Amino acid sequence: SGTGLTVRILSKFRPDTSIYAACHEDHLCNRMALLHNVHPILLHCSARDATKTIEAFKKELIARKLVKKGDQIIILTGGHHKIKWHTDTIKVSTI
């Protein structure tokens, strides 16, 4: 997450399911931990490469036993910080 906006938008709807949020900075993880059903995960890879970030995130979810092979997850990425409520990508992915 670059700003956490996409996660804040999702959390605002108070879903019953968990929201796992990839972060590249400690202060964002700390802020997101206060949101409803949000579980931030600090990643130590470059934030510039979305494909590598998503793969690192999937590996971290598996390592923490939050998902298992065969599970389906929905990946949302935001990018236009100046446009409110804008999401660049919505992807269903199988672990």
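Look up: the structure comes first, before these words.
Analysis parameters
- Residues numbered from 1 in each chain as written.
- Predicted model: local features only at pLDDT ≥ 70, side-chain atom pairs only at ≥ 80, totals over all residues.
- Heavy atoms only, no water.
- Helix = DSSP H or I, 4+ residues; strand = E, 2+ residues; numbered from the N terminus.
- Buried < 20%, exposed > 50% of the residue type's maximum accessible area, 1.4 Å probe, protein only.
- Contact = heavy atoms within 4.5 Å.
- Salt bridge = Lys/Arg side-chain N within 4 Å of Asp/Glu carboxyl O.
- Core = buried A, V, L, I, M, F, W, Y, C linked by side-chain atoms within 4.5 Å.

Details of the environment of K69
With respect to the secondary-structure elements, K69 resides in the loop between α3 (50-63) and β3 (72-77). Accessibility expressed as a relative area gives 70% for K69, which makes it exposed. For the pair formed by K69 and I95, sequence separation is 26 residues and the distance between their alpha carbons is 4.9 Å.

A closer look at helix α1 (residues 5-12)
Taken together, the buried positions of α1 are T6, V7, I9 and S11. Buried positions along α1 lie against β1 (19-23), α2 (26-32), β2 (38-42) and β3. Positive phi appears at R14, one or two residues downstream of α1, with a value of about 50°.

What to know about unusual backbone geometry
Non-glycine residue N37 carries a positive phi angle of around 60°. Inspection of the secondary structure puts N37 in the loop between α2 and β2. Backbone geometry at K65 places phi at a positive 60°, although glycine is not the residue there. By secondary structure assignment, the location of K65 is in the loop between α3 and β3. Relative accessible area serves as the criterion here: at 75%, K65 is assigned to the exposed category.

Some words on the pattern of salt bridges
In the structure shown here, the tally under the stated rule is three salt bridges. Across the pair K58 and E55 runs a salt bridge, and its minimum N-O distance is 3.7 Å. Of this pair, K58 and E55 both sit in helix α3, three residues apart, which is roughly one turn of that helix. Judged by relative accessible area, which is 12%, K58 ranks as buried. A salt bridge links K68 to D71; the nearest nitrogen and oxygen atoms lie 3.4 Å apart.

A short note on the nonpolar core
If you look at the biggest cluster of nonpolar residues, it comprises ten residues: A22, I41, L43, I54, F57, L61, V67, I73, I75 and I95. Breaking this core down by element, the ones donating at least two residues are α3 and β3. Setting aside anything within four residues of it in sequence, one finds V67 in contact with L61, I62, I73 and I95. Core analysis: the second largest hydrophobic core is formed by eight residues, V7, C23, L28 and V38 among them.

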